[in-house]
Amino acid sequence: MRFVSYNTPTGPSWGILVGESVVEQQNLGANAPASLQELFDSTDNRETLLADLASQAANSPTVAVDQLSLLPCVPKPGKVICLGVNYIDHANEGGNTIGDYPAVFLRCSSSLLAHKAPLQVPKISDKLDYEAELAVVIGSRARFVSESEALNCVFGYACFNDATLRDYQRKTAQWTVGKNFDNTGGFGPCLVTTDELPEGCVGLRIQSRLNGTVMQDADTANMAFGVARTIALLSEAMTLEPGDVILMGTPGGVGYARTPSVWMKAGDTIEVEIEGIGTLINEVCA
Ligand SMILES: O=C(O)C[C@H](/C=C/C(=O)C(=O)O)C(=O)O
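Residues numbered from 1 in each chain as written. Predicted model: local features only at pLDDT ≥ 70, side-chain atom pairs only at ≥ 80, totals over all residues. Heavy atoms only, no water.

1. Here we look at the overall build of the protein
Helix and strand content of the protein: six helices and 19 strands. Over its C-alpha trace the protein gives a radius of gyration of 18 Å, about what one expects of a compact globule, namely 19 Å for 286 residues. Overall, the C-alpha framework of the protein stretches about 55 × 45 × 30 Å when taken along its three principal axes. Out of the 286 residues in the protein, the part that is buried amounts to 54%. Partitioning the contacts of the protein with sequence separation of at least 6, the portion at a separation of at least 24 is 74%. Here the protein displays about 12,100 Å² of accessible surface, and carbon together with sulfur accounts for 49% of that area. Across the protein, the mean location of the 19 positive side-chain charges is 8 Å away from that of the 33 negative side-chain charges. (Helix = DSSP H or I, 4+ residues; strand = E, 2+ residues; numbered from the N terminus. Rg over C-alpha atoms; globule rule 2.2 N^0.38 Å. Buried < 20%, exposed > 50% of the residue type's maximum accessible area, 1.4 Å probe, protein only. Contact = heavy atoms within 4.5 Å. Areas by Shrake-Rupley, 256 points an atom, 1.4 Å probe, with all protein chains shown as cover. Lys, Arg positive; Asp, Glu negative; His and termini not counted. Charge placed at Lys NZ, Arg CZ, Asp CG, Glu CD.)

What follows is the structure in structure tokens.
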């Protein structure tokens, strides 16, 4: 099943994406949770609820997805935990090595951006780089979970563009500022439940395209730390809550590692596609 989040005059809502159409929350029956967060929190009766939503969606009126004002897949996640240097080709192009523990940093929900919303070049930097990434959305509380149990805690997956201001990322040893400019974290187009994808999302083609030119082209099987291992490791340190998001790092081909460097600029279109999930599209604006 595929979920989208969107804005309404009364606040954020959600729906089920069927092709290019959406069945809105209010048309999904009396049991439809009021918010996506409520759906993530409904861990006891999740399977029954999803089955009920699927059958409601099959017989309900729809609206074209283009008519909705989309929000990031999870509009206000409690945590967005990001992995850096998680693909060998990206580690190599940056002159880095992959250690025995992932590089972990955080993104704020204020930096997130919807599918088709403008990705902003800030006033204070023009070193805006793209990073195609797999986003994992947590569906049940995880604390000290083993690697073999970890995937049971996943609700679904989406595409993410971890767009980064490289000069700000490197001003200090902490990457946080360069990774948290407003309107830089593209998150969409939809959240796809785990049953539609291979276990751990292994073996999916992941690409970024800038103005139609392929910039990154990799297989999610090349992640050094896979989804299960990452969840197990993170859950040793912190409680992962329903609705939290984990970004799995980016493959080789980023703009800063090219000669000459490639930066996104106003008027560009950047796409992140993951096989079986969809294509996240953002136009770049000043
Ligand atoms: O250069 C570095 O220190 C690594 C850094 C990693 C960024 C990521 O966010 C990632 O790998 O997904 C970089 O390449 O800038």
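Having seen the structure, we can now continue with the description.
2. With respect to the site of the ligand
Taken together, the neighbourhood of the ligand is formed by 17 residues, with Val 85, His 90, Arg 170, Lys 179 and Tyr 256 sitting nearest. Between the ligand and the protein, one listed contact pairs an oxygen atom with a backbone N or O atom of Val 85 at 2.6 Å. The side chain of Tyr 256 places a nitrogen or oxygen atom 2.7 Å from an oxygen atom of the ligand. The protein chains hide 94% of the 380 Å² of surface that the ligand would expose on its own. At the level of elements, strand E6 (80-84) and helix H5 (166-169) are the ones that each hand at least two residues to the shell around the ligand. Partitioning the shell around the ligand into residue classes produces five nonpolar, six polar and six charged. (Near = heavy atom within 4 Å. Polar contact = N/O pair within 3.5 Å; in protein donor to acceptor, adjacent residues only side chain to side chain. Nonpolar A, V, L, I, M, F, W, Y, C, P; charged D, E, K, R; others polar.)

3. A look at the domain arrangement of the protein
What the domain assignment lists for the protein is domain 1 (2-70) and domain 2 (72-285). Inter-centroid distance (C-alpha atoms) of domain 1 to domain 2 is 25 Å. Listed as interface residues are 14 residues of domain 1 and, on the opposing side, 21 residues of domain 2. Between domain 1 and domain 2, roughly 1,400 Å² of surface is buried when both sides are summed, and carbon and sulfur atoms account for 61% of that area. Linking domain 1 with domain 2 are two salt bridges, by the criterion used here. Between Lys 116 and Asp 66 there is a salt bridge, with its nearest N and O atoms 3.8 Å apart. (Domains from an automatic or database assignment. Buried area = accessible area lost by both parts, 1.4 Å probe. Salt bridge = Lys/Arg side-chain N within 4 Å of Asp/Glu carboxyl O.)

4. Observations concerning the pattern of salt bridges
Counted under the stated rule, the structure contains 13 salt bridges. A salt bridge links Lys 127 to Asp 126; its shortest N-O distance comes to 2.8 Å. Assessed through its relative accessible area of 29%, Lys 127 is described here as partly exposed. For Glu 131, the salt bridge goes to Lys 179, with nearest N and O atoms at 3.1 Å. One end of the pair, Glu 131, is in the loop between strand E10 (128-129) and strand E11 (132-138); the other, Lys 179, is in the loop between H5 and strand E14 (185-193), and 48 residues separate them in sequence. What makes Glu 131 buried here is its relative accessible area of 5%. For Lys 179, a relative accessible area of 2% corresponds to the buried category. One connected set of salt bridges, linked through shared partners, spans Arg 107, Asp 129, Glu 131, Asp 162, Arg 166 and Lys 179.

5. Side note on the sheet that holds strand E15 (residues 205-210)
Read across the sheet, five strands follow the order E9-E19-E18-E15-E16 without closing on themselves; strand pairing throughout is mixed. If you trace the sheet from one side to the other, it starts and ends with strand E9 (119-120) and strand E16 (213-219), each paired once. Pairing of E9 with strand E19 (residues 278-285), which is carried by two bridges, proceeds in the parallel orientation. By the bridge assignment for E19, Gln 120 is matched with Cys 285. (Pairing = 2+ DSSP bridges.)

6. Examining the packing of aromatic side chains
The final tally for this structure, using the stated rule, is six aromatic pairs. Geometrically, the ring pair formed by Phe 3 and Trp 14 is tilted, given 5.8 Å between the ring centres and 50° between the ring planes. A residue pair is termed long-range when its members are at least 10 positions apart, and Phe 3 in strand E1 (residues 2-8) and Trp 14 in strand E2 (residues 11-18) qualify at eleven residues. Of the two residues examined, Phe 3 and Trp 14, each falls in the buried class. With 5.7 Å between their ring centres and 55° between their planes, Phe 3 and Phe 155 make a pair best called tilted. (Phe/Tyr/Trp six-rings, centres within 6.5 Å; stacked < 30°, edge-to-face > 60°.)

7. Things to note about the state of the cysteines
The tally for this structure, following the rule as stated, stands at zero disulfides. Summary of cysteine pairing: Cys 153 is not part of a disulfide, and the nearest cysteine sulfur, belonging to Cys 201, is at 15 Å. (Disulfide = S-S within 2.5 Å.)

8. Looking at the environment of Val 192
With respect to the helices and strands, Val 192 occurs in strand E14. Placed 146 residues apart in sequence, Val 192 and Arg 46 show a C-alpha to C-alpha distance of 15 Å. Each residue touching Val 192, except ones within four places of it in the same chain, is listed here: Met 1, Arg 2, Phe 155, Gly 156, Tyr 157, Leu 197, Gly 276 and Ile 277.

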